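Examination of the molecular architecture
Here is how the chains run, residue by residue.
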Amino acid sequence: MVARLFFLSICLPFLLTSCQQSKKTVEFVDYVNPLMGTESTFAFSHGNTYPAVAVPWGMNFWSPQTGENGSGWMYTYADSLMRGFRQTHQPSPWMNDYGTFSIMPLAGELKMSHKERLVPFSHQQEKATPYNYSVTFDNGLQTSLSATSRGAVFEVSFPEKEDQYVVVDAYHGGSSITIEPENRLVKGATRYNNGGVPDNFANYFMMEFSHPVIEYGTYNGDTLLHHQTDVAADYTCAYLKFDVPAGEKLTIRTASSFISPEQAAINFNREVADADVQLISGKAREQWNNYLGRVEAEGGTDEQFRTFYSCLYRTLLFPREFYEFDSQGNPVYYSPYDGNVHDGYMYTDNGFWDTFRAVHPLFTLLYPEVSERVTQSILNAYDESGFMPEWASPGHRGCMVGNNSASILVDAYLKGVRVEDVETLYKGLIHGTEAVHPEVSSTGRLGYEYYNKLGYVPCDVKIHENAARTLEYAYDDWCIYQLAKELKRPKKEIALFAKRAMNYKNLFDSESKLMRGKQKDGKFAPEFSPLKWGGDFTEGNSWHYSWSVFHDPQGLIDLMGGKEMFVTMLDSVFSVPPIFDDSYYGQVIHEIREMTVMNMGNYAHGNQPIQHMIYLYDYAGQPWKAQYWLREVMNRMYTAGPDGYCGDEDNGQTSAWYVFSALGFYPVCPGTDEYILGAPLFKKATLHFENGKNLVITASDNSDTNRYVDEMRVNGTVYTKNYLKHNELLQGGTIDFKMTDRPNMQRGTQESDLPYSFSKDEKVK
Ligand code: CA
């Protein structure tokens, strides 16, 4: 990476992509392994990812498909048979896919159904990059594909003297295909989904072939009909036969639209008409290099670079663009909320419960133009459905807890991401505190009546995961409080949300020093096991969830009995053996199994609730413990390989944790302007901000043993605080870490060094 530094500093920020083409050195995108996390199963997740060929935040991703249609595990590293190349919108195997279809070239025998269409391949013969996936099957058939946001181009090379087929699989759940053999075209629509769509939902696709179609036919899941051009059924496929001369390659160009077949044609003409796979691969590669290159890491091992840029790639996939450009070039979208077509931006496929933590804060720091469009899209969803999304794929989906759209919107707004109508934004946030979506109970706030009256969601009113809800609502209320102050709302309103922000205290049990479910009558639930997953908590136990006081760690410190006890409690998470109580689920869910094999006590990094916990040592004046454990987690729980994650990757969140942590800081509390310090992983990292400024972070004596911060200088001046401020980072400059092999127990210990806590906010008292 070092060789490129001078070169880049001239190019950035405007000329990055064009400059890079003339360089033959290793570039950022070359470190990305899209197979990271693909060695996963239902029972055990090493990431639950698939190798997405896409552009950053692309409307469509493409993935080789080894699993059957309908399986969330579309590509599993252990598989050796492939069924197709699939246009996918799947954010997670647990949410599954929608509007998906696939293309599969075949040599020799024609097989239509996904259950039969299995072609052997090996990993030695595949090459997966973010911008291209190529494979040579065992039978000699070669396929290479690349994608734009709304289109893709394939290049297929058939083995000699074999019959040449391409099967188009429009999936089940209601699909249709029309073949226009004389025009070398296939058009179709797929309505496959797993919920979260209006009745008129469809994904309209078209594809064009470079060579004459010599034979064709359709399949309806039961019967293969030769010379048939049209099919509509629950499950549909079509085949085309070609006679591509030896030495030539078949090119397939495809595009799609959620709006209409006509819009699919517009997308086709804008993005892939006349293009070949080399051109599209090159353009996608440029885009990836441009976005990945906002962070220029140096002075690490190859494995660390590969892990870092693979994580950054994952962070830049979701939420996806759900908008298209009309014939005038203006953004338009089919709304997954009301089924109508609107002007403007829409993004989807995001679980805010996961991504409020680090994904959106990373966008706000490095890609604020994306934050701006995402913010607008959340407001559009509110306009069209009456609610801000919490888990969207593509419309509202019932999943997880919290009302964390508040965190995303407020954090972005307070960091300068502006919207036209902030009053509507505020109104929408308030509405979310006083309502729950009639059909999708994880949207809005389930249990808001109790919460607003009692200050918590009780555990005996048939609302599951009530303690988790209470803790997240309290944090979300603090976010609203921050915005209310900024917008100079009436004092009474500000005071109300300030009060509610303290609601986390209602669940603190001073006996166990942990958060605990509470009954309607104000008494704690009689039975309590800190090791019990689920129940009053969400995919975690009380040990994991008690730290979900993002906005007021000092308040939690006070509740636990002071800094010393707080640190003991933090330490205990690592020293408690990985024992668990799975009675709520009745089985060992994969998140539990992943914790037990990590060998880090009850620290369950494979799931999101605890991912900020290590940084809390900073609030207690013992930052060296954070520095120690953060390095342990980076070293032990991430690799760039197919088994690279220690649990579900989840829409970029587990990746964004690594990206931030490797840089040396993390947004524990989105809504503040602070990033809490860890210690950098690399000897040097340069951040290139959209405002044109550069921040250079150095730690020249960094190593695995020199993992502790001895001294820190910001723009040359000694800096003792345990946090960095957003607007100061954006000014650019230098941050220099002096690293050491033993903890410096003097640095970062003074009260004035500690990060923000709500209960220390003078105006509240
Ligand atoms: Ca998870």
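Nothing here was measured: the structure is a model prediction, and the numbers come from that model. (Residues numbered from 1 in each chain as written. Predicted model: local features only at pLDDT ≥ 70, side-chain atom pairs only at ≥ 80, totals over all residues. Heavy atoms only, no water.)

**Considerations on the overall build of the chain**
For clarity, the cut-off: Note on conventions: DSSP H or I runs of at least 4 residues are helices, E runs of at least 2 residues are strands, and numbering of each starts at the N terminus. Here's how the labels work: a residue is buried when its accessible area is under 20% of the maximum for its type, exposed when over 50%, partly exposed in between, all with a 1.4 Å probe on protein chains only. Only heavy atoms matter for contacts: two residues are in contact if any of them lie within 4.5 Å across the pair. We score Asp and Glu as negative and Lys and Arg as positive, and we do not count His or the chain ends. Positions of charges follow a simple convention, taking NZ of Lys, CZ of Arg, CG of Asp or CD of Glu.
In terms of helices and strands, the chain carries 20 helices and 36 strands. For the chain, the spread of C-alpha atoms along the principal axes amounts to about 80 × 60 × 50 Å. Here the chain holds 765 residues, and 65% of them are scored as buried. Sequence-distant contacts, at least 24 apart, represent 70% of the contacts inside the chain between residues at least 6 apart. Charge centroids of the chain, computed over 66 positive and 94 negative side chains, lie 6 Å from each other.

**Thoughts on the packing of helix α9 (residues 405-414) against helix α12 (residues 466-486)**
For the record, the criterion: For helices, the axis comes from a line fit to the C-alpha atoms of the stretch in contact; other axes are also lines fit to C-alpha atoms, and the angle between any two N-to-C directions lies between 0 and 180 degrees. Handedness of each helix crossing follows the sense of rotation of the near helix against the far helix: counterclockwise by less than a right angle gives left-handed, clockwise gives right-handed.
One can describe the packing of α9 onto α12 by two numbers: an axis separation of 9 Å at closest approach and a directional angle of 30 degrees. The element α9 and its partner α12 pack so that their crossing is left-handed. The segment α9 lies against α12, with A406, S407, V410, Y413 and L414 engaging Y475, D476, C479, I480, Q482, L483 and E486.

**Thoughts on the coordination of the calcium ion**
The line we're drawing: Note on donors: an N, O or S atom is included if it sits within 2.8 Å of the metal, or within 3.2 Å for Na, K and Ca, and water is never included, so sites can look incomplete.
Looking at the calcium ion, the protein donor atoms are N607 (OD1), Q608 (OE1) and D650 (OD), and they sit 2.2 to 2.4 Å from it. Site description for the calcium ion: donor spacing in sequence, N-Q-x41-D. A residue pair is termed long-range when its members are at least 10 positions apart, and Q608 in the loop between α17 (590-598) and α18 (623-637) and D650 in the loop between α18 and α19 (653-663) qualify at 42 residues.

**Quick word on the sheet that holds strand β36 (residues 733-740)**
Consider a sheet: its strands pair through backbone hydrogen bonds, and that pairing is either parallel or antiparallel. Operational definition: When DSSP finds two or more bridges between two strands, those strands count as paired.
Here we have six strands laid out as an open sheet, ordered β19-β31-β32-β36-β33-β34, and mixed in their pairing. Lying at the two open borders of the sheet, with one neighbouring strand each, are β19 (295-298) and β34 (717-718). Taken together, the six bridges between strand β33 (residues 708-714) and β36 define a ladder with antiparallel strand orientation. Bridging from a neighbouring strand, V714 pairs with I735 of β36.

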